[in-house]
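Chain by chain, the residues run as shown.
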Amino acid sequence: MIDDPLDADFVHGQFQGERITFSSVSSPNGNWRCLYGRTAANLGTPVVLINENEEVQHAFAVTRAQDVRIANDGHVAVTDIGDPDDQDLSGTFNVVAPAGTPVIEYEFDANIWECSITENGRYAATATHNPDRSAYIFNIESGDLVTKFETPNLNAPTQEFGTIDGEIVLYLLDGDERYRAIDLDGNTVWKSRDLQKQDRIDQLLDSSERADLEEAIDLLEEVYELSDDQNRKKSIANRLADTHWRLSKNIRKDEGDTDAWWSHLNQAKQYYYEIVSWYDGKKGVAKVERKQAKYHLKEGNEEAALQLLESISELEDEYDVQLLTDADKKKIENLS
């Protein structure tokens, strides 16, 4: 029995004698309305389908409904996230026909959350959390699973059916934004700008692993510019610093103390300073400045060498970490 107007987002009513609050969703054309709510008497979640005459078409119950969607033809999709006291990863995806006949009842060994259904009631979808992390598309007419698509970068993403060039696609969302679209065969047919950028970053990182040091620097610098995430940016700065350091060593071995050698040392130090809050950053700055101090000592520039060694000492004091070697300390003492 329903007490409130059916066009409200939440309505009050009774189920098997217990008074509960129902959430309310409508089909896109407004001809169907579905009410679902959780009871306090372990009676599960009642799901009630209301037709366009505001009459109860049918009702059924699941253990604990998280998300309910309804198509224009009255098919209802429900994600049942199961008993809250059950520690096992599980979930059941249900699709029920307008006549009340179960069409799909697919059990997962992973938690599920939200679902989607096409407006015409032909296809439905849901997605899983860890460890499965996949989107699933079902053919409602046959009841078969037609596509499983792994989503390693998205954990149980929201889904949204749409069309591209007249073909049905499933959009996977990252937050409120469309991230990727797959067709019914599981092929990616559209990518967001963020995903295109991430694909480019992955491609560049992969190429940098096989490139020589100079080319690797060019590739990593492009990744650095493309990266918006600060942790990713720092990670790339670390790799750039290490690569400049290695290249400087090669140049010095082959060509001596050239301008190119000094330039790559400075660039390594610059990137190490970007991650100076990390131990690798502090250690990197210290080794570069130690190398530069050694060069200045060789050239007779004792003041410049002392400044560099004292810079390491200041970094050591600031972060309370050991960076100076015994040889460094002795040089500071002799030069002071």
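Quick summary incoming for the structure in this document.

With respect to the overall build of the protein chain
Broken down by element type, the protein chain carries seven helices and 17 strands. For a compact globule of 336 residues, the expected C-alpha radius of gyration is about 20 Å, and the protein chain comes in at 31 Å, more than 25% above that figure. When its C-alpha atoms are laid out on the principal axes, the protein chain stretches across 95 × 45 × 30 Å. Going through the 336 residues of the protein chain one by one, you find that 46% of them count as buried. Within the protein chain, residue pairs in contact and separated by at least 24 positions form 38% of the contacts whose partners lie at least 6 positions apart. Across the protein chain, the mean location of the 34 positive side-chain charges is 10 Å away from that of the 66 negative side-chain charges.

Observations regarding the packing of helix H6 (residues 302-319) against helix H7 (residues 326-335)
Where H6 meets H7, the closest approach of the two axes is 10 Å, and the angle between their N-to-C directions is 130 degrees. Of the possible angle classes, the one that applies to H6 and H7 is oblique. The crossing of H6 and H7 is left-handed. Across the interface between the two elements, Glu302, Ala305, Leu306, Leu309, Glu310 and Ser313 of H6 pack against Asp328, Lys331, Ile332 and Leu335 of H7. Its residues assigned to classes, the contact of H6 with H7 comprises five nonpolar, one polar and four charged.

Some words on helix H5 (residues 279-298)
Its 20 residues give H5 an end-to-end C-alpha distance of 29 Å, which sits within 8% of 28 Å, the value for a rise of 1.5 Å per residue. Taken residue by residue, H5 has Gly281, Lys282, Gly284, Val285, Ala286, Val288, Glu289, Gln292, Ala293, Tyr295 and His296 as its buried positions. The secondary structure elements touched by the buried residues of H5 are helix H3 (230-255), helix H4 (259-274) and H6. Trailing H5 by a residue or two, glycine 300 shows a phi angle of about 85 degrees, which is positive.

Here we look at the packing of H4 against H5
Axes are the key here: two packed helices are described by the angle between their axes and the distance separating the axes. Where H4 meets H5, the axes come as close as 8 Å, and the angle between the chain directions of the two elements is 150 degrees. The orientation of H4 with respect to H5, classified from their angle, is roughly antiparallel. Considering only the axes of H4 and H5, their crossing is left-handed. Mapping the contact onto sequence places Trp261, Trp262, Leu265, Asn266, Ala268, Lys269, Tyr272 and Tyr273 in H4 and Asp280, Gly281, Gly284, Val285, Lys287, Val288, Glu289, Lys291, Gln292, Tyr295 and His296 in H5. By residue class, the composition of the contact of H4 with H5 is nine nonpolar, five polar and five charged.

Re the nonpolar core
Nonpolar side chains in soluble globular proteins tend to end up buried together. Counting residues in hydrophobic clusters, the biggest one holds 40 residues, and the most contacted among them are Ile236, Leu240 and Tyr272. For this core, the secondary structure elements donating two or more residues are helix H1 (193-210), helix H2 (213-226), H3, H4, H5 and H6. Sequence-distant contacts of tyrosine 272, that is, excluding residues within four places in its chain, are made with Asn238, Ala241, Asp242, Trp245, Asp280, Gly281, Gly284, Val285, Lys287 and Val288.

Quick word on a negative patch on the surface
A cluster of acidic side chains, namely Glu310, Glu314, Asp317, Glu318 and Asp320, defines a negative patch on the protein surface. Mapped onto the fold, glutamate 310 is located in helix H6.

Notes on the environment of lysine 283
Structurally, lysine 283 is set in helix H5. When its relative accessible area of 48% is taken as the criterion, lysine 283 is described as partly exposed.

With respect to the sheet that holds strand S6 (residues 65-70)
By way of backbone hydrogen bonds, the strands of a sheet pair with one another, either parallel or antiparallel. Taken in spatial order, the four strands make up an open sheet running S6-S7-S8-S9, and their pairing is antiparallel. A strand with exactly one partner marks an edge of an open sheet, and here the two such strands are S6 and strand S9 (102-108). The sheet shows a mean angle of 10 degrees between the axes of neighbouring strands, direction not considered. With six bridges connecting them, strand S8 (residues 91-96) and S9 associate as antiparallel partners. Within S9, the residue paired with glycine 91 across the bridge is phenylalanine 108.

Considerations on the side chain of threonine 243
For threonine 243, the location among the structural elements is in helix H3. Contacts of threonine 243, omitting those with residues within four sequence positions, involve Leu213, Ala216, Ile217 and Leu220.

Side note on unusual backbone geometry
Note that the residue after asparagine 130, namely proline 131, is joined by a cis bond; omega there is 0 degrees. Looking at the element boundaries, proline 131 is found in the loop between strand S11 (123-128) and strand S12 (134-139). One non-glycine residue, arginine 133, adopts positive backbone phi at about 45 degrees. If you trace the backbone, arginine 133 turns up in the loop between S11 and S12. One non-glycine residue, aspartate 165, lies in the positive phi region at around 55 degrees. In this structure, aspartate 165 sits in the loop between strand S14 (159-164) and strand S15 (167-174).

Things to note about the pairing of S8
With six of six residues buried, S8 lies mostly within the body of the structure. What you see with S8 is no split at all: Gly91, Phe93 and Val95 on one side and Thr92, Asn94 and Val96 on the other are buried throughout. Here strand S7 (residues 76-80) runs beside S8; their pairing, made up of five bridges, is antiparallel. Within S8, the residue paired with alanine 77 across the bridge is valine 95. Between S8 and S9, which follow one another and run antiparallel, lie five residues, and glycine 100 among them has a positive phi close to 95 degrees.

Parameters and conventions
Along each chain, residue indices are assigned from 1 in the same order as the chain's sequence is written. Local features in this predicted model are restricted to residues whose pLDDT is 70 or higher, and side-chain atom pairs enter the listing and the counts only when it is 80 or higher, whereas totals over whole chains, interfaces and linings include all residues. Derived side-chain values reflect all non-hydrogen atoms in the structure, with water molecules and hydrogen atoms excluded from consideration. By definition, any uninterrupted DSSP run of H or I lasting at least four residues is a helix, any uninterrupted run of E lasting at least two residues is a strand, and each is numbered from the N terminus. Atoms counted for the radius of gyration: C-alpha only. Globule rule: 2.2 Å times residue count to the power 0.38. Three labels apply to residues, based on accessible area from a 1.4 Å probe with only protein chains included: buried if under 20% of the type maximum, exposed if over 50%, partly exposed otherwise in between. It only takes one pair of heavy atoms within 4.5 Å for two residues to be counted as in contact. In this tally, Asp and Glu contribute negative charge and Lys and Arg positive charge; neither His nor the terminal groups of the chain are included. The atom standing in for a charge is NZ when the residue is Lys, CZ when it is Arg, CG when it is Asp and CD when it is Glu. With axes taken as lines fitted to C-alpha atoms, and helix axes fitted only over the stretch in contact, angles between N-to-C directions fall between 0 and 180 degrees. When an angle is under 35 degrees it counts as roughly parallel; over 145 it counts as roughly antiparallel; between 65 and 115 it counts as roughly perpendicular; any other value is oblique. Each helix crossing is assigned a hand: it is left-handed if the near helix lies turned anticlockwise from the far helix by less than a right angle, otherwise right-handed if that turn is clockwise. In this count, Pro and Cys sit with the nonpolar residues alongside Ala, Val, Leu, Ile, Met, Phe, Trp and Tyr, while Asp, Glu, Lys and Arg are called charged and the others, Gly among them, polar. Helix span is expected to be 1.5 Å times the residue number reduced by one. Residues grouped as a nonpolar core are buried Ala, Val, Leu, Ile, Met, Phe, Trp, Tyr and Cys residues, joined through side-chain atoms within 4.5 Å. Nonpolar side chains (Val, Leu, Ile, Met, Phe, Trp, Tyr) are joined into patches within 5 Å and like charges within 9 Å, using only residues with over 30% relative accessible area and no salt bridge. Throughout, the Shrake-Rupley method with a 1.4 Å probe supplies accessible areas, and for residues the shown protein chains are the sole cover considered. Salt bridge, as applied in this entry: a Lys or Arg side-chain nitrogen positioned within 4 Å of an Asp or Glu carboxyl oxygen. Strands were regarded as paired on the criterion that DSSP finds at least two bridges between them.

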